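# Tertiary structure, described
Letter by letter, the chains look like this.
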Amino acid sequence: MEIISVNGGKQLNGSVTISGAKNAAVAVLPAVVLSDGICRIENLPDISDVSKVLKVLKELGASVKLINKSTVEIDPRPINSYVVSKEMAEGMRASSYFMGALLGRFSRAVVAPPGGCDFGVRPIDQHIKGFEALGADVTFDNGMVNISSTELNGSSVYLDVVSVGATINIMLAAVKVRGLTVIENAAREPHIVDLANFLNSMGANIMGAGTNVIKIRGTSRLEGVTYSIIPDQIEAGTYMVAAAATKGDVLIKNVTPKHLESIIAKLVEAGVEVTEYDEAVRVKMSTRPKKCNVKTLPHPGFPTDMQPQFAAFLALAQGTSIVTEGVWDNRFRYVDQLTMMGANIQVDGKVAVISGVSSLSAAPVKANDLRAGAAMIIAGLVANGVTEIDNIEYIERGYENIVEKLTNLGADIKRVTKPDPVVRKKAL
Ligand code: EPU
């Protein structure tokens, strides 16, 4: 069993380079299914979610050649299957993107329902609404989502909730379909714009990505291209918060500052000094944070994927902060772990009231999900003593070389192999 062990109390200083965006990569890679030529995708993060998507592409029949750890060349032309089984999907949320991509290519897709981090119910009704609007029939057979159609045509879809996944899936399904598709109340996250830019670079005709109305005029052919994934907004935000929490001074390189506006605004409100450069931000902090209220919302609101990390930071603030989760039903499961480290947080439904304490102390904790794991690392970096974090496979889904990157910044952090716990059978 591998754990991450953090000996807290070291300031982070120096510079860190941000990798390609997980949530853009896991959308762009399935989109390659729609290409009529070879695609070379660069700036991919070296994380387990990306490896899983590449494995699905291979199992569908694509030829996948790793050029180096961040570049892959994919020839989707040999793909001859529209089935993504439960084993292939392996609990990954992004497996759902194969629904839209395979439907767009074969007018048919049979895909295991998506897994991913557990934040309460994660429905796909809006994805299905979109596929049905294009003319597909969607049924659930033997635990699989079965999508078929005799003919797909462009159509208008109004999303009842702003959904990143549904917006991406409808774009994928519609891009090669005859006529005009309009997605209203679309999500506006940077990875939606990145996917549209990738598809447009292949010859697609997508307008309005980044606004809440996206128009897609179907194209019959998409050419193979070379494309570079945008930097990871959430990885950058995580290092910004870690730097501020440890009262450090860190230059975070290879970022798009525009994507970080809401995170920067909240850090500044909490008393952090942030300097923006063209492709970097510098974060400097020398005091305890000031109290600060945060509400997560779809982009350009404060990202839900930064909520646990920010809560760990505010656990040490002067005064009481209120954090409201506006996207997921249940994203405060990690709070128990922070409480074990001495944080004073009361959760009532979607609201957490954080009464700042002057210090945290190390405890054995676990990563309940990817961003909760990042929050545990931030708490461990500032706590007195050695914090041991379990379930680190969640963290590895989304953060490339996090132990190495933090070590380079001066953290005392390591991955440790521990014997698996012995399960004793009760004597009868
Ligand atoms: N929703 C519905 N019906 C749907 C789809 C979504 O009601 O058909 C609801 C969800 O229950 C949720 C809200 O809409 O309350 C937003 O869900 P969304 O579909 O936007 O989330 P997602 O596409 O499943 C992506 C990211 C998540 C991130 C959310 C919100 C990927 C692979 N995942 O999930 O990222 O939290 O958008 O920004 O892009 C992470 O990276 O740690 C992560 C969990």
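### Section: the overall build of the chain
Looking only at helices and strands, the chain has 14 helices and 24 strands in total. For the chain, whose C-alpha radius of gyration is 22 Å, the value lies close to the compact-globule estimate of 22 Å for 428 residues. Viewed in the frame of its principal axes, the chain has a C-alpha envelope of about 65 × 65 × 45 Å. Residues counted as buried form 55% of the 428 residues belonging to the chain. Residue pairs at least 24 apart in sequence account for 72% of intrachain contacts in the chain once pairs closer than 6 positions are excluded. Within the structure as shown, the chain displays about 16900 Å² of accessible surface, and the carbon and sulfur contribution to it stands at 48%. For the chain, the distance from the average site of its 44 positive side-chain charges to the average site of its 44 negative ones is 2 Å.

### Structural notes on the pattern of salt bridges
Following the criterion strictly, the structure yields 21 salt bridges and no others. Put simply, R415 and E404 hold a salt bridge, and the shortest N to O gap is 3.9 Å. Highlighted residues: R415 in strand β24 (residues 412–417) and E404 in helix α14 (residues 402–408), separated in sequence by eleven residues. Counted as one network, the salt bridges with shared partners bring together E2, E396, E404 and R415.

### Regarding the sheet that holds strand β5 (residues 71–75)
Taking strand neighbours across the sheet as the criterion, the four strands line up as β4-β5-β3-β14 in an open arrangement whose pairing is mixed. For this open sheet the edge positions go to β4 (63–68) and β14 (226–228), each flanked by a neighbour on one side alone. With strand direction ignored, the average angle separating the axes of adjacent strands in the sheet is 20°. The strands touched by helix α7 (residues 190–201) are β3 (39–42) and β14; relative to β14, the strand with the most contacts, the crossing angle is about 165°.

### Description of the domain arrangement of the chain
Accessible area lost upon the coming together of the parts serves often as the stated size of an interface. Domain boundaries assigned for the chain yield domain 1 (2–19 + 231–417) and domain 2 (22–216). Taken residue by residue, the interface counts 23 residues in domain 1 and 21 residues in domain 2. Across the domain 1 to domain 2 interface the summed buried area is about 2000 Å²; carbon plus sulfur atoms make up 51%. Linking domain 1 with domain 2 are two salt bridges. Between K69 and E400 there is a salt bridge, with its nearest N and O atoms 2.9 Å apart. Where domain 1 packs against domain 2, one counts six residue pairs in polar contact (both at pLDDT 80 or more).

### Describing α7
Relative to the 16 Å expected for twelve residues at 1.5 Å per residue, α7 spans 16 Å between its end C-alpha atoms, a close match to the ideal helical length. Those residues of α7 not exposed but buried are P190, H191, I192, D194, L195, A196, F198 and L199.

### Quick look at unusual backbone geometry
For residues besides glycine, phi is generally negative; the peptide bonds are generally trans as well. The step from H299 to P300 runs through a cis peptide bond, and the omega angle for that step is 10°. Take P300: it is sitting in the loop between β18 (294–295) and α10 (307–314). With a phi angle near 60°, N43 is a residue other than glycine that sits in the positive phi range. Turning to its location among the elements, N43 is positioned in the loop between β3 and α2 (48–60). We note that N254 has phi near 60°; this positive angle belongs to a residue other than glycine. With respect to the secondary-structure elements, N254 resides in the loop between β15 (249–253) and α9 (261–269).

### Let's talk about the sheet that holds strand β6 (residues 83–84)
With mixed pairing, four strands are arranged side by side in an open sheet as β6-β7-β9-β8. The two strands at the open ends of the sheet, each matched to only one other strand, are β6 and β8 (137–141). Relative to strand β7 (residues 108–111), β6 runs parallel, the two being bridged by two bridges. The residue bridging V83 from the neighbouring strand is V110, located in β7.

### What to know about the site of the ligand
Neighbouring the ligand are 25 residues; Q126, S163, V164, D305 and V327 lie closest to it. Contact distances for the ligand include 3.1 Å between an oxygen atom and a side-chain N or O atom of W328. The contact in question runs from an oxygen atom of the ligand to an N or O atom on the side chain of R371, over 2.8 Å. Within the complex, the protein chains bury 91% of what would otherwise be the 830 Å² of accessible surface of the ligand. The set of elements that each furnish at least two residues to the shell around the ligand consists of α1 (22–31), α5 (125–133), α6 (164–174) and α12 (370–382). Its residues placed into classes, the shell around the ligand shows twelve nonpolar, six polar and seven charged. Here the shell around the ligand spans two domains, since at least three of its residues come from each of domain 1 (2–19 + 231–417) and domain 2 (22–216).

### Looking at the pairing of β5
By the criterion of burial, β5 is predominantly enclosed, with four of the five residues buried. Across three bridges, β3 lies against β5 in antiparallel orientation. Bridging from a neighbouring strand, R40 pairs with E73 of β5. Taken together, β4 and the strand that follows it, β5, pair antiparallel across an intervening segment of two residues.

What counts and what doesn't
- Sequence order as written defines residue numbering, which begins from 1 separately in each chain.
- Per-residue local features of the predicted model are confined to residues with pLDDT of at least 70, and side-chain atom pairs are confined, for both listing and counting, to 80 or more; whole-chain, interface and lining totals are unaffected and use all residues.
- As a rule here, side-chain values come from all non-hydrogen atoms in the structure, and water together with hydrogens is ignored.
- Helix and strand assignments follow DSSP, with helices taken as H or I runs no shorter than four residues and strands as E runs no shorter than two, numbered in order from the N terminus.
- A radius of gyration in this sense is built from C-alpha atoms; the matching globule rule multiplies 2.2 Å by the number of residues raised to 0.38.
- Only protein chains enter the accessibility calculation, which uses a 1.4 Å probe; a residue whose area is less than 20% of its type maximum is buried, one above 50% is exposed, and one in between is partly exposed.
- Contacts are assigned to residue pairs that have any heavy atoms within 4.5 Å of one another.
- Surface accessibility follows the Shrake-Rupley procedure with a 1.4 Å probe radius. Residue values consider only the protein chains on display as shielding.
- For the purpose of charge, His is not counted, nor are the chain termini; Lys and Arg are scored as positive and Asp and Glu as negative.
- Lys charges are placed at NZ, Arg charges at CZ, Asp charges at CG and Glu charges at CD.
- Definition used for salt bridges: Asp or Glu carboxyl oxygen within 4 Å of a side-chain nitrogen of Lys or Arg.
- DSSP bridges decide pairing: two strands pair if at least two such bridges lie between them.
- Angles run from 0 to 180 degrees between N-to-C directions of axes, and those axes are lines fitted to C-alpha atoms, restricted for helices to the stretch in contact.
- Boundaries between domains were set according to an automatic or database domain assignment.
- Summed over both partners, the accessible area (1.4 Å probe) lost when two parts come together is defined as the buried area.
- Each polar contact in these results corresponds to two N or O atoms within 3.5 Å; when the atoms are within protein, one needs to be able to donate a hydrogen and the other to accept it, and residues that are neighboring in sequence are counted only if both atoms are side-chain atoms.
- A helix is expected to span 1.5 Å multiplied by its residue count minus one.
- Here, proximity means that at least one heavy atom of the residue falls within 4 Å of the molecule or strand.
- Gly is put with the polar residues, along with every residue not named as nonpolar or charged; the nonpolar set is Ala, Val, Leu, Ile, Met, Phe, Trp, Tyr, Cys and Pro, and the charged set is Asp, Glu, Lys and Arg.

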